[in-house]
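# Residue-level structural notes
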Amino acid sequence: MLLLEDVHTHYGKIEALHGVSVEVNQGEIVSLIGANGAGKTTLLMTVCGTPQASAGRVLLEDRDITRLPTSEIMRSGIAIVPEGRRVFPGLTVEENLYMGGFFNNRTQNEQGIRHVYDLFPRLKEREHQRAGTMSGGEQQMLAIGRALMSKPRLMILDEPSLGLAPLVIKQIFEIIAQLRDEGITVFLVEQNAHQALQLADRGYVLETGRIRLQDTGANLLANPDVQAAYLGG
Amino acid sequence: MVAQNFRHALFCALITLIIAWPIMGLKLTAVGTEITVVGASAFTWIAVALAAVIVFLFQLFRDKVMVGLGAVTILDRLADREPLPDEKRLRLENIGLVLLIAVALIWPFFVSRGAVDLATLVLIYIMLALGLNVVVGLAGLLDLGYVAFYAVGAYTFALLSNYWGASFWMALPIGALLAALFGLVLGFPVLRLRGDYLAIVTLGFGEIIRILLNNWTSVTGGPNGIGGIPDPTLFGMEFGRRVKEEGNTSFHETFGIAYSSEHKVIFLYLIALVLAIFTAFVIRRLMRMPVGRSWEALREDEIAARSLGLSRTGVKLSAFTIGAFFAGFAGTVFASKQGFISPESFVFLESAIILAIVVLGGMGSQLGVILAAIAVTILPELAREFSEYRMLIFGAAMVLMMVWRPQGLLPMRRRHIKLKAGG
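Predicted model only: the values in this text are computed from it and were never measured.

## Describing the confidence of the model for chain B
Residues and elements named next belong to chain B. Predicted confidence across chain B gives a mean pLDDT of 83, with 91% of residues reaching 70 or more. Highest mean pLDDT in chain B belongs to helix 7 (residues 147–164) (93); lowest belongs to helix 4 (residues 74–80) (57). Below a pLDDT of 50 lies the segment residues 416–423, which in the model reaches 16 contacts outside its immediate sequence neighbourhood of four places, other chains included. Per the prediction output, this complex has pTM 0.82; the corresponding ipTM is 0.87.

## As for the packing of helix 7 of chain B against helix 8 (residues 168–190) of chain B
Residues and elements named next belong to chain B. Where helix 7 meets helix 8, the axes come as close as 8 Å, and the angle between the chain directions of the two elements is 140°. When the interaxial angle is binned, helix 7 and helix 8 end up oblique. Crossing hand, helix 7 versus helix 8: right-handed. Contacts from Ala148, Phe149, Val152, Gly153, Thr156, Phe157, Leu160 and Ser161 in helix 7 reach Ala171, Ile174, Gly175, Ala176, Leu178, Ala179, Phe182 and Gly183 in helix 8. Looking at the contact of helix 7 with helix 8 residue by residue, the class counts come to 11 nonpolar, 5 polar and no charged.

## Observations regarding the domain arrangement of chain A
Interfaces are frequently sized by the accessible area removed from exposure as the parts join. All names here are of chain A. For chain A, the assigned domains are domain 1 (2–77 + 153–230) and domain 2 (90–151). Averaged C-alpha coordinates put domain 1 and domain 2 at centres separated by 24 Å. For the side of domain 1 that touches domain 2, the leading source of residues is helix 7 (residues 166–181), giving 3 residues. Across the side of domain 1 that touches domain 2, the residue classes tally to 7 nonpolar, 1 polar and 1 charged.

## What to know about the sheet that holds strand 10 (residues 210–216) of chain A
Backbone-to-backbone hydrogen bonds pair the strands of a sheet. The strands run either parallel or antiparallel. All names here are of chain A. In space, the 6 strands of this open sheet follow the order 6-7-8-3-9-10, with mixed pairing throughout. In this open sheet, the two edge strands, each paired with only one partner strand, are strand 6 (78–81) and strand 10. Looking at each pair of strands side by side, their axes are set apart by 15° on average, direction ignored. Bridge count between strand 3 (residues 29–34) and strand 8 (residues 185–190): 5 bridges; the pairing is parallel. Bridge assignment links Leu32 to a residue of strand 8, and that residue is Val189. Contacts from helix 1 (residues 40–48) reach strand 3, strand 6, strand 7 (154–158), strand 8 and strand 9 (202–207), with the element oriented near 145° to strand 7. Packing against the sheet, helix 6 (residues 136–148) makes contact with strand 6 and strand 7, and its axis sits at approximately 170° to strand 6.

What counts as what
- Residues numbered from 1 in each chain as written.
- Chains lettered and ligands numbered in written order.
- Predicted model: local features only at pLDDT ≥ 70, side-chain atom pairs only at ≥ 80, totals over all residues.
- pLDDT = per-residue confidence, 0-100.
- Helix = DSSP H or I, 4+ residues; strand = E, 2+ residues; numbered from the N terminus.
- Contact = placed C-beta atoms within 7 Å.
- Axes fitted to C-alpha atoms, helices over the stretch in contact; angles between N-to-C directions.
- Parallel < 35°, antiparallel > 145°, perpendicular 65-115°, else oblique.
- Left-handed = near helix turned anticlockwise from the far one by under 90°.
- Nonpolar A, V, L, I, M, F, W, Y, C, P; charged D, E, K, R; others polar.
- Domains from an automatic or database assignment.
- Pairing = 2+ DSSP bridges.

Right, dumping it as structure tokens:
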């Protein structure tokens, strides 16, 4: 589904990713964990084409997207829930969702919105409310819902648990599992290593721009190094 | 609270005295070839002192006065009222619009020539403000050089008529399209800029156009401007006393009525009215189309908008181009109304006034912007009796306005998109 081959990314002269290879297969949930500044978000941004990889290849469904402009990448079956949610605060919930399905036709959007409201009944209640006035958890639901509107085959989530209450985090992770059951491949980037690995089929550990470990989610959870570094011993 | 304000109030009163004393209290009078400084009359001194006392009292009881201002909520009720049911609202809106347009069509025949002329100017500003509203209010791109596109429209008509004898109707679309092209060209270099940086580059662009017009004497006539710009014709009928161009007929002879110079003014007003309505209508449609929503999305959160596959380039360029297009429209009408244009008409102050209209009206709100355009254009005219204090009153009105309604006259209300989601 998504394949990164020896990807290097630079911010100016500074190299943030030193040859990263990651594979996400159809129907999997793959988690990428790592400390602050390890390059997790950079890796996601490279997939999206801002900044573009300076070396290596990014393949989406066997198509080379390394040099495509961001807008084109984001229209080819991939959707991202950006870090910090980034809903449009002044637009209503409904309009936010509508923006997610910007390139779809009306019937597709009607279906999509119904589907999102089924997943998140809370959003239906808030339909005409401005997104900026909602709680963090509701905004995260909206961000996921908005990403779903484009009917993606691959969904990338950047730190969906950031700044949320434990109960809400649990709910969000349940939804992510449900998305996989619907056939959407999920690439999850998290600092909340415990929950992310529990959910994941496979996981990667990123450290200072390099992949340090890769294994199934369960094995990584049991790995003493991972436990010491990310799970508090 | 009053005690806290005391020092501040004293300070403000002192500043008033310091500023007012040399400006009002000292007069330069020419005595023969010399200029002497004379003190003003006692009355002026009393007035200055009185002003200082008023400033002192206002600052002292500032909080109470402001609360009083806030209590004026007539417009709030307009803005915050419950939305009417859709059908009823649509019907009311339609009736209101038809009535408004009917009145706008009829009234010029009953008022003075000066009033119609002023109304034409108001309509030109409405077109400009609606166009800038797309760029600033909807797409959130602060453009301080908007007047450049206005100038492009006006000069296109002037040059076309001067060198090739083009008529108003030929120049209108060309002027608008050329302005749009300039918008597109300006859009490219500023794509990566936001906020303050964008404002400065657009400001520079506005100045470049003006300076170019000023210095390219061989083509534009430089500071002398271009005169003799023809008036619009109605199906080949001219509005002058005598027909100027071969093959045209004159309006009053065709209809067998007495010649009146008012016909031309009214006709120009009607053209401006039609174009202003066209502008409002087109932009209103665009706002509800996907492109309008993409402008708003980009204003709200650029990263999120891009993550949804919107192309930053396309969205920004479309906003710039469409905004510039309508400025070109307004410019052509302006050139035709004045009959003479020079770079003087396209200074930075014009950009600032158009921007002030958009901000005063409430960014993104069409009705608000139209109301503000009317207010901002008519206010200085009404205050003409105060001669040199005219701009002072204008400034005071703006300050008061921003204290009273910082979000603008009629802030934009979110209209819900109707989707038959609940099936």
